[in-house]
Structure formats: structure tokens, C-alpha cells
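Understanding the architecture of this molecule
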Amino acid sequence: MSGYTELLKQLQVLKKDIASFRRVVLHAHSPRSYDYNSTSVAGSIKDKTSMLTPEEEFKIGLESCGIDLLGITDHMKCDFASKLSQSFAGKGICILPGMEISIRPSPPWNTFRLHVLVIFPEGFSLENICKILPPQLPDENKRTGQEEICDMDISAFVKRVHDCGGICIAAHINTDRGVRRAFRQ
């Protein structure tokens, strides 16, 4: 029996070096996004007779959806994502707050409207995330989600996001809002 005990100890040591796979979604919209689809990540629990708000349904759905890491990237908004990330911190699912930013780059690329995901660490505050936005944008509660940042140098924007602690990911790369189309043109 002692041979098995030693083998089990060795397996526990080796297990630390084994890759593990996680269920990750880095681009999900919440009920605060104008294009939220109630059949998305957490909307599968929707009951037409429910008295819950869409936000409450979303929270309940998150607890049962089996995702390990979720990036909530609503269009030009991040308050709900930030609050949800703070409330779920340390509770099994890691929620990364972010936004889907609509950018019209500086010339000669200004004919394209690109979508870029900005994602921040768990628990990041709305105030810290909004530091990446130009001051001429209205406050979040006055934004529709359809705004765009115009005449933006993409490199400068990415640097600003990195300086604030976030990352950038190109969204919809194969659509007319994606960077791949811009470079093919």
C-alpha cells in the first residue's frame, strides 16, 4: 500500500504542471447594451412570466451557466459590468468588466468604423475604465451605446488602455466593422 501512497503523492506534484481548460467568453453583452439578446450567455433562464428585471435574470443565469471567466463588453457602456464584476469577485465566476468601443480612426482609415473590445481586471471601477474615453463623450447614463470615437489614432488609444491596466481585442474582425476588412480594402 505504501507504493500507492508514494505514487499518489507524485501524481499530485505532476498535476500542478498539467494544462487545464476553462470555459471563457470574452465578448458578451448585458441587458444594458442596446443589442442585448436574452438568449445569450445568461439569458437561457428567461421566463416570460417572471417578475425579475433583465439585470436580475442575467445575474441568476450567470450562476448556472458554467462559465469560468466572462468579459462583459457592452457598447460604449461599462457601469453594469463593473458593478457585476465587483459583486461576483471571489464567488466562482471571474467577471472582467469592459466595453465594446466604436472607433472611427484617423485618416486615411476614417471611412471605417471599427469595434474594439477593451477589457479590464476583475473588480475594476467605472471611473478607472472611463479614463480611456475622450472627455467630449457624454456620461454613461446619457450614452445610447451607438456613439463613436472619431479621428482616433489607434496606437494612441491602445496605449491609453494599456496605461490604465486593460487590454484591447479586435472585435468582429471579418465583418464590415472589423479591422481585417479595413486592411483588405
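Scroll up a little and you will see the structure.
Residues numbered from 1 in each chain as written. Predicted model: local features only at pLDDT ≥ 70, side-chain atom pairs only at ≥ 80, totals over all residues. Heavy atoms only, no water.

**Digging into the overall build of the chain**
Applicable threshold: A run of H or I in DSSP counts as a helix once it spans at least four residues, and a run of E counts as a strand once it spans at least two, with each numbered from the N terminus. Type-normalised accessible area, obtained with a 1.4 Å probe on protein chains alone, sets the label of each residue: buried when under 20%, exposed when over 50%, and partly exposed for intermediate values. Should any heavy atoms of two residues lie within 4.5 Å, those residues are counted as being in contact. For every accessible area listed, the method is Shrake-Rupley and the probe measures 1.4 Å; residues are considered covered only by the protein chains on display.
Looking only at helices and strands, the chain features 6 helices and 6 strands. In the chain, the succession of α and β elements from N to C terminus is α-β-α-β-α-β-β-α-β-α-β-α. Considering the chain as a whole, with its 185 residues, one finds that 37% of them fall into the buried category. Pairs at least 24 apart in sequence give 67% of the contacts found in the chain among residues at least 6 apart. Accessible surface computed for the chain: about 11,000 Å², of which carbon and sulfur atoms make up 55%.

**Some remarks on the packing of aromatic side chains**
Here is the rule: Side-chain rings of Phe, Tyr and Trp (the six-membered ring for Trp) are treated as a pair once their centres are within 6.5 Å; stacked means planes under 30 degrees apart, edge-to-face means over 60, and tilted covers the remaining angles.
Applying the stated criterion to the full structure yields 3 aromatic pairs. Taking the centre distance of 6.0 Å and the plane angle of 70° together, the rings of Tyr36 and Phe58 count as edge-to-face. Placement of Tyr36 in the loop between β1 (24-28) and α2 (54-64) and of Phe58 in helix α2 is noted, with a sequence separation of 22 residues between them. Seen in terms of ring centroids, Phe58 and Phe80 are 5.8 Å apart; in terms of plane orientation they differ by 65°. Their pairing is edge-to-face. Note that Phe58 is positioned in helix α2 and Phe80 in helix α3 (residues 79-88), a separation of 22 residues in sequence. Among the aromatic residues, those joined into a cluster by ring pairs are Tyr36, Phe58 and Phe80.

**Some thoughts on the pattern of salt bridges**
Our working rule: Every case where a carboxyl oxygen of Asp or Glu lies within 4 Å of a side-chain nitrogen of Lys or Arg is listed as a salt bridge.
As enumerated under the stated definition, the model contains 6 salt bridges in all. Across the pair Arg113 and Glu148 runs a salt bridge whose closest N-O atoms are separated by 2.9 Å. Highlighted residues: Arg113 in the loop between β3 (94-105) and β4 (114-119) and Glu148 in the loop between α4 (126-129) and β5 (149-152), separated in sequence by 35 residues. The class of Glu148 is partly exposed, set by a relative accessible area of 25%.

**Brief notes about the side chain of Ser82**
The cut-off we apply is this: Polar contacts here mean pairs of N or O atoms no more than 3.5 Å apart (in protein, one a potential hydrogen donor and the other a potential acceptor; neighbouring residues in sequence count only if both atoms are side-chain atoms).
With respect to the element layout, Ser82 can be found in helix α3. Among the polar contacts made by the side chain of Ser82, one reaches the main-chain amide nitrogen of Leu126 at a distance of 3.2 Å. Apart from residues lying up to four places away in sequence, Ser82 is in contact with Pro97, Phe124, Ser125 and Leu126.

**Some remarks on the side chain of Arg143**
Within the secondary structure, Arg143 sits in the loop between α4 and β5. Residue class for Arg143 comes out buried when judged on its relative accessible area of 5%. Separated by 2.8 Å, the side chain of Arg143 and the backbone oxygen of Pro138 make a polar contact. With residues up to four places along the chain from it excluded, the contact list for Arg143 reads Met76, Lys77, Met99, Cys130, Leu133 and Pro138.

**Remarks on α3**
Burial runs high along α3: 7 of the 10 residues are buried. Taken together, the buried positions of α3 are Asp79, Phe80, Ala81, Ser82, Leu84, Ser85 and Phe88. Looking at the buried positions of α3, the neighbouring elements they touch are α2, β2 (69-75), β3 and α4.

All quantities given are derived from atomic positions and should not be read as evidence of function.
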